[in-house]
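Below are the chains, spelled out letter by letter.
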Amino acid sequence: MLKTRKTLLTLALAAAGVSGLAMADTEQGVPASVEEQVEVIQVRGFASSLFRSLDAKRFSDIVSETISADDLGALPDVSMADALTRLPGISAVRTGGQAAEINIRGMSGGFVFSTLNGREQVSTSGKRNIEFDQYPSELINSAAVYKSPKASLIEGGVAGTVELETASPLRNAEQHSFTVNLRGMYNDRASEVPDGQSVGHRFSFSYQGKYLDDTLGLALGYARLYQPSVATQFIGLAYNAQKDVTGNGQPEFLSEGFEIQHRGGEETRNGYLASVEWVPVSNFTLKADAFLSRFDKEAFARGFRVKLGGASAAVGNPVLNNNSVIGGTFNRTSQSFTRVEIVNDDNRDFNKVNSFGVNADWDVTDRLNLSLDVSRSTASSDFRNGLLWSLVAEDANAEVPVLDTNVSISYLLNGLNLPDMGFNQAAAFSDIDRVMVSKYGIYPYVNSDAVNAYKLDLSYELDLPVLRSIEAGVRYSERRYSNDRSVFEYGSDGAFLSSQPPLRLTQDMVDVVDFKGKFSYFPSYLAIDLDKALNAWFPQGIPQPVQTWGSGNPDVINSPTPGVGPNYSWSVQESGRVFEDVLAAYLMANLDTEIFGLPLRGNVGVRRVHTDQSATDLANVGGDPLQGAQFIVDEVGLINGRYAPGIIGDTYTHYLPSLNLNLGLTDSTQLRFAAAKVMSRPPINRLASNTAIFISDDGEVSGNSSNSPFLRPFEATQYDLSYEVYFPAGAFVAALFYKDIKSFINDFTIQEFDFKAAGFPVPDQIINEDGIPRATFNGAFSTAVNNDDGGYIRGLELAYTQVFNFLPDFWSGLGVSGSYSYTQSEVNLVNPLGGDPVPMSFEGLSREVLTATVFWEYEGFEARISGRYRSPFVSTQIGIDEQVTNFHSETVVDFQAGYQWNDHLKLLFQVNNLTDEPTKSYFGQQAQTGTLQFFGRQYFLGAVYVF
């Protein structure tokens, strides 16, 4: 039977009579005589959770933050991302109004390493960082953020490591416990979005039980989330063209355009948990865990997209912000293809996450412990990006419809507010006799990621003055990632084709949609029923996407229409496999001694990490068989002989020393110091080898070579110093940190890149399906390198928790918990998406992050209001492609109230995003609007039943 030892903080809280006590399994205990004198009062509630977290922080051997639940299924947050943002120095990036990615100490999610029950987790995103919204908080028992590493922790988190833990049923205080959680959800902005759903729900069930004289434990859990999502948004697009609009001989930067859309959809998440723990003899424990998550998203975007036409458009009355055009009148020319597209996009994303593990823990002797862990983590994502675009015709009822080329667009950006704009075709956007569907496309991204890991750890207790124990271990992992692209396109987004004629809409296919609220002055548009439109357009069945070179690829030797048609070589070149094998070993000494009569604990160690990474590759050898060129057949039988397939990669070894010291200044204060060398590998998808070029319908050539199996990890040396004060009803912590960055991956984009001069096979012109030739012209080329220029990230963190139990009875449950962090960095990256390259901060870095919670508990009633503020930061937005932009500061406020009806039933009411805080971003300067997105408030009403 496992025993729980009470910590010093637990005893202090008990002695003070605080209505929420910390109970933790720690390395430090107290004399039995003291334990017998203290009555331990178990009270559930938010304060209890806070004290558990403080207890874990106080007795941890590294710098860490912890969230703890009283019971499995008791965390109130929608996902673990929401829960983690309560911690000092932690902030979140909202996607669709929900926290999905977390930032730690000013560093983005790509530098955050995550484990589940100590095991590496893969992601459906193709990156290293997991998507926390796929992990139901109801199935997580605790979460810890390790801000300083130790040698025994798996490497990978420069920003920090997030450790999620599921229940250990033999440690549960009750013999059998059941928790049922049911909540309904309502979004108050759903009525503004066509087909927006306003009502959703959350349901969870969990069980923990102990059998056979507490030698066999079982935990089971299920959590379901059905959550509609809605948003109304304006998104500006990157400044990727140049034109002399002022006549001074110097070109100015032009935006590609902008989007004004309604977004909506449904998210359905089903999570499953099972854990079996067996102690056949007192010195051996065998535990098996399984965690599964199925997260499906169906989303739509409806509205219109403005394509300003680039350098070939006629520009009048330009308004400038420095050297970038932020307003003016754009008219279509015979070369510019200036247009307004009526957008009806439907995206579907089917995600699966599986995590399995078996751990055997054996106390070989009173001093020697062995632990063997075998695990497998898999993730797969099938994202289908589908679009249905329409253009304005002169007369949609004509026998041969003609595109209305009389296009004039006037606009003026208004910084972090909605822009002014006007369209000469505005009345036509909702006119069934003018709008015709011109293009349908679907672009699947099918990813799979899996890691098999084997870990053996040894610890040996010593009877020495300084060394308490030594630990050593070895870990081997095999990670395999794959990405498969495919495509189907019909029609054109810039013209009406006779070979693939546009679709005339009928009344039963459409609804006229008006914008509401702040967006009400934008033109109405036609929302199109996708299924009805496609069934009419493709009566024989909708063709499915394929991975293909494209009939217009100049290197295809058996094309039915040589030189005519689309070039889809990117679907082959962007598909591939990545292989990563890691062998790591560590040696660590745990310290327990005194210095100047003060207790000193900690650890010192080193971790050796050897990495072998490689990827499949298609080398452009110009068709030379002596250099390995082969005939490569795509899924439709087209043959390309230009490339030599192979596998390329790199190997490297890192030594990662670490030191953690904790000096007890008094019984209630301590001083921590930590130093370590850390690393974060590039996102797994960035290790693919896939240089690809694209030629748009307009003839613009663009390219991407931002992935490479030769990219090396991000490296840093970091230092932490913290002063911690614990008192009977709370704690105060002040911490300083410094990260000396040695290298990082620098992404950059070259505008008007000369593709021919760089050796890319670019034709002088393309001929579309209608036989109309268009001259090609140079666009942007994106790439990345390991940059040796480093710099520092440094900052200050303050955290304070206090329960005012000294107040009169009614107010004795009042408490506060808050944190403040200040972070600065000399690392400045360059962002060219707003025109002139603009220095920007490290991605994810907010100079200031503030969290504050005020809570009150009294006779079964509890209420709390929480606010999270983060100052401006840099992150990515989706605007046709992924764009790096500056995000404006934001404050997100949540409210929760509950009433403990009896020992079993608790009623809950929650409001998320109480102030309806939007997301706002810009390109370098606020005058150049990026995103203005409004999500609405979410209301939850429900109950938790424990028995």
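Cut-offs used in this document
Residues numbered from 1 in each chain as written. Predicted model: local features only at pLDDT ≥ 70, side-chain atom pairs only at ≥ 80, totals over all residues. Heavy atoms only, no water. Helix = DSSP H or I, 4+ residues; strand = E, 2+ residues; numbered from the N terminus. Buried < 20%, exposed > 50% of the residue type's maximum accessible area, 1.4 Å probe, protein only. Contact = heavy atoms within 4.5 Å. pLDDT = per-residue confidence, 0-100. Pairing = 2+ DSSP bridges. Arc of directions from axis to C-beta. Polar contact = N/O pair within 3.5 Å; in protein donor to acceptor, adjacent residues only side chain to side chain. Patch = residues over 30% accessible without salt bridge, like charges linked within 9 Å, V, L, I, M, F, W, Y side chains within 5 Å. Areas by Shrake-Rupley, 256 points an atom, 1.4 Å probe, with all protein chains shown as cover. Salt bridge = Lys/Arg side-chain N within 4 Å of Asp/Glu carboxyl O. Phe/Tyr/Trp six-rings, centres within 6.5 Å; stacked < 30°, edge-to-face > 60°. Lys NZ or Arg CZ within 6 Å of the ring centre and 35° of its normal.

Draft legend 1. The arrangement of the overall build of the protein chain in detail. Within the protein chain, the regular secondary structure consists of 6 helices and 52 strands. Split into buried and exposed, the 947 residues of the protein chain put 57% on the buried side. Counted over contacts in the protein chain with a minimum sequence separation of 6, partners at least 24 positions apart contribute 73%.

Draft legend 2. Examining the confidence of the model for the protein chain more closely. Within the protein chain, residue pLDDT values average 86, and 89% of them lie at 70 or more. Counting contacts from residues 1-44, a segment whose pLDDT is below 50, to residues more than four positions away or on other chains yields 84 contacts.

Draft legend 3. Summary view of the sheet that holds strand β5 (residues 119-120). Here we have 5 strands laid out as an open sheet, ordered β1-β6-β7-β4-β5, and mixed in their pairing. The sheet is open, and its two borders are formed by β1 (64-68) and β5, each paired with just one other strand. Where β1 and strand β6 (residues 142-146) come together, 5 bridges link them in antiparallel fashion. Note that in β6 the partner of glutamate 65 across the bridge is valine 145.

Draft legend 4. Quick peek at helix α5 (residues 530-537). The set of residues buried in α5 consists of Leu530, Ala533, Leu534 and Trp537. All buried residues of α5 fall inside an arc of 95° around its axis, so they share one side. Its buried side turned inward, α5 meets β17 (339-363), β18 (368-392), β21 (435-461), β23 (488-491), β24 (503-504) and β26 (525-528). Measuring from the side-chain oxygen of the N-cap residue of α5 to the backbone nitrogen of aspartate 531 gives 3.2 Å; that N-cap residue is aspartate 529.

Draft legend 5. Structural detail: unusual backbone geometry. For aspartate 214, which is not glycine, the phi torsion reads 60° and is therefore positive. With respect to the secondary-structure elements, aspartate 214 resides in the loop between β9 (199-211) and β10 (216-236). A relative accessible area of 15% places aspartate 214 in the buried class. Not every positive phi belongs to a glycine, and asparagine 322 is a case in point at roughly 55°. Its place among the elements puts asparagine 322 in the loop between β15 (314-321) and β16 (324-331).

Draft legend 6. Main features of the pairing of β21. Inspection of the sheet shows β18 paired to β21 by 25 bridges, in the antiparallel sense. Looking across to β21, one finds that threonine 378 is bridged to alanine 450. The sheet contact formed by β21 and β23 spans 4 bridges and is antiparallel. Note on β23: the bridge partner recorded for glycine 441 is glutamate 489. Hairpin geometry of β21 and strand β22 (residues 467-485) is characterised by an intervening segment of 5 residues between the two adjacent antiparallel strands.

Draft legend 7. Structural view of a nonpolar patch on the surface. Together, Leu665, Leu671, Phe673, Tyr719, Leu721, Tyr723, Phe732, Leu736, Tyr738, Leu798 and Tyr800 make up an exposed nonpolar region whose accessible area comes to about 870 Å². In this fold, leucine 736 is placed in strand β36 (residues 730-750).

Draft legend 8. A look at the pattern of salt bridges. Going through the model one piece at a time under the given rule, you end up with 40 salt bridges. With a shortest N-O distance of 2.5 Å, glutamate 138 and arginine 202 are connected by a salt bridge. Taken together, the residues glutamate 138 in the loop between β5 and β6 and arginine 202 in strand β9 connect sequence positions 64 residues apart. For the salt bridge of glutamate 574 with arginine 485, the shortest nitrogen-to-oxygen distance reads 2.9 Å. With glutamate 574 in the loop between α6 (569-573) and β27 (576-595) and arginine 485 in strand β22, this pair connects stretches of sequence that are 89 residues apart. A single burial state applies to glutamate 574 and to arginine 485, both of which are buried. When salt bridges that share partners are traced, they join Lys57, Glu65, Arg105, Lys147, Asp720 and Glu797 into one network.

Draft legend 9. Molecular detail of the environment of alanine 360. Along the chain, the position of alanine 360 falls in strand β17. With 11 residues separating them along the chain, alanine 360 and serine 371 place their C-alpha atoms 5.6 Å apart. Non-local contacts of alanine 360, meaning those with residues more than four positions away in its chain, are made with Phe284, Thr285, Leu286, Leu370, Ser371 and Leu372.

Draft legend 10. A look at the environment of tyrosine 146. When you line up the elements, tyrosine 146 lands in strand β6. Between the alpha carbons of tyrosine 146 and alanine 159 there is a distance of 9.1 Å; along the sequence they are 13 residues apart.

Draft legend 11. Examining the packing of aromatic side chains more closely. Applying the stated criterion across every chain, the model contains 45 aromatic pairs. Ring geometry for phenylalanine 178 against phenylalanine 205: centres 6.4 Å apart, planes inclined by 40°, an arrangement best described as tilted. In this pair, phenylalanine 178 is assigned in strand β8 (residues 176-187) and phenylalanine 205 in strand β9, connecting sequence segments 27 residues apart. Given the relative accessible area of 25%, phenylalanine 178 is considered partly exposed. Take phenylalanine 205: its relative accessible area is 31%, and that puts it in the partly exposed class. Among the aromatic side chains, those forming a connected cluster through ring pairs are Phe304, Phe423, Phe429, Phe515, Phe519, Tyr521, Phe522, Tyr525 and Phe934. The ring centre of phenylalanine 295 lies 5.0 Å from the NZ or CZ of lysine 297, which sits over that ring. The ring of phenylalanine 300 has arginine 302 sitting right over it, with the charged end atom 4.5 Å from the ring centre.

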